[in-house]
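Now for the letters of each chain:
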Amino acid sequence: MSKITTATLRKFKQEGRKFTALTAYDASFAAAFDSEGVDVLLVGDSLGMVLQGHDDTLPVSVEEMAYHTRCVRRGISRSLLMADLPFMSYATPEQAMTNATKLMQAGANMVKIEGGQWLLETVSMLTERGIPVCAHLGLTPQSVHVFGGFKVQGRDADNAQRILDEAKALEGAGAQLLVLECVPASLAQQITEALQIPVIGIGAGKDTDGQILVMHDVLGISSGYIPRFSKNYLKQTGEIREAVKAYIDEVQQGQFPAEEHTFN
Ligand code: KIV
């Protein structure tokens, strides 16, 4: 099986073929997800919540992200490996360069950063120097305290327009993927159609090019709050590899996310 690259994902978009992504934080789960055919694995800073037990992602360090990226890299043979730059590790373009370098040297194929307009210079600088960037808009969890909670974004016309404009500007600056989190499905559809680059949704409806979920939600082992947009596939299948296969199958068939997982 040939390796997934950003070019593969762009081809999937052009062909209208839906792709899947999951978070992974260690070599064993990464190997299982990779061999079942998950296209993109994300070492998410969600590890601050699901592995470390914090209330949000803010305490995660670059060193912790690099450690988990090295672990996941050892389990992968096909999937594209993306790693999150954590809170305040890319506040300036120079910091972004230093810290993205650490994640790429730990084995990432690309880095993900949260934010819009203020990141344009950073996206160009990283891309020009050989570090592919996935942008992340909508509910960007590192800004949870600015939002006043984990809330759906882009519900009103002004904010929806801002997110659309920022998505176009990030693509123009060189971003090669976009994650859209917790936005109304109609906005996600509009952005997906407006961009050449693939758009991955989480809580963004069924019309994005790909879907991503946190592995702990798919396996039903997240403690506390279970997001409405996620789905426990282990409950319906009873086995981890079967759960992953069911997730891939439902995304490819357009069955996940269903109406009950969608914000309108
Ligand atoms: O950190 C993470 O797991 C993420 C996904 C929710 C997209 O950013």
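Quick caveat: nothing in here was measured; it's all calculated off a predicted structure. (Residues numbered from 1 in each chain as written. Predicted model: local features only at pLDDT ≥ 70, side-chain atom pairs only at ≥ 80, totals over all residues. Heavy atoms only, no water.)

Visitor: Got a minute to help me understand the UniProt feature "binding site: 3-methyl-2-oxobutanoate" (unreviewed entry) in the protein in this structure?
Guide: The UniProt record marks D45, S46, D84 and K112 with the feature "binding site: 3-methyl-2-oxobutanoate" (unreviewed entry), using the residue numbering of this structure. Maximum C-alpha separation among the annotated residues is 12.4 Å over a sequence range of 68 residues, consistent with a single clustered spot. Mapped onto the elements of the fold, D45 is located in the loop between β2 (40-43) and α3 (47-50). Taking relative accessible area as the criterion, D45 reaches 3% and is therefore assigned buried. Not counting residues up to four positions away in its chain, the partners in contact with D45 are T57, V60, M65, D84, L85, P86, E114 and Q142. When you line up the elements, D84 lands in strand β3 (residues 80-84). (UniProt positions renumbered as here; feature names shortened; annotations may be inferred. Helix = DSSP H or I, 4+ residues; strand = E, 2+ residues; numbered from the N terminus. Buried < 20%, exposed > 50% of the residue type's maximum accessible area, 1.4 Å probe, protein only. Contact = heavy atoms within 4.5 Å.)

Visitor: Before we go on, may I ask you to explain the side chain of H68 in this structure?
Guide: Relative to the helices and strands, H68 resides in helix α4 (residues 62-75). If near-sequence neighbours (up to four positions away) are discounted, H68 is found in contact with Y25, V43, L47 and L51.

Visitor: Where do I start with helix α2 (residues 27-36) in this structure?
Guide: An α-helix turns once every 3.6 residues. As a result, residues three or four positions apart point the same way. Buried within α2 we find A30, A32, F33 and D34. Looking at the packing, one finds that the buried side of α2 touches β1 (19-23), β2, α4, α10 (215-218) and α12 (240-252). Residue D26 occupies the N-cap position of α2, its side-chain oxygen lying 3.1 Å from the main-chain nitrogen of S28. At the C-terminal side of α2, G37 shows a positive phi close to 105 degrees. (Polar contact = N/O pair within 3.5 Å; in protein donor to acceptor, adjacent residues only side chain to side chain.)

Visitor: Hey, could you run me through the environment of S79 in this one?
Guide: Structurally, S79 is set in the loop between α4 and β3. When the C-alpha atoms of S79 and S35 are compared, they prove to be 8.7 Å apart, with 44 residues separating the residues in sequence. Setting aside residues up to four positions removed in sequence, S79 forms contacts with I4, D34, V38, D39, V40, L41 and N109. Within the structure, S79 has its side chain in polar contact with the backbone oxygen of V38 (distance 2.8 Å).

Visitor: Explain the side chain of Q211 to me, please; I cannot follow it from the model alone.
Guide: Tracing the backbone through its elements, the reader meets Q211 in strand β8 (residues 210-213). Look at Q211 and you get buried, because its relative accessible area is 3%. One polar contact links Q211 to T208, side chain to side chain, over a distance of 3.2 Å. Here Q211 is in contact with F19, T20, A21, I200, G201, G205, K206, Y247, V251, F256 and P257, once residues within four sequence places are set aside.

Visitor: What is the right way to look at the pattern of salt bridges in this model?
Guide: Side chains carrying opposite charge are able to pair once their charged atoms draw close together. Taken as a whole and judged by the stated rule, the model has 11 salt bridges. Where E128 meets R129, a salt bridge forms, and the shortest distance between an N and an O atom there is 3.7 Å. Close ionic contact of E242 with K245 constitutes a salt bridge, the shortest N to O distance being 3.3 Å. With a gap of three residues between them, E242 and K245 both fall in helix α12, about one helical turn apart. A residue is classified by how much of its surface remains accessible, and E242, at 34% relative accessible area, is partly exposed. (Salt bridge = Lys/Arg side-chain N within 4 Å of Asp/Glu carboxyl O.)

Visitor: Just to check I follow, could you spell out the site of the ligand for this structure?
Guide: All residues adjacent to the ligand are T23, L42, G44, D45, S46, D84, K112, H136, E181 and I202. D45 places a polar side-chain atom, nitrogen or oxygen, 3.1 Å from an oxygen atom of the ligand. Within the side chain of S46, a nitrogen or oxygen atom sits 2.5 Å from an oxygen atom of the ligand. In the complex, the protein chains occlude 95% of the 260 Å² of accessible area that the ligand would expose alone. (Near = heavy atom within 4 Å. Areas by Shrake-Rupley, 256 points an atom, 1.4 Å probe, with all protein chains shown as cover.)

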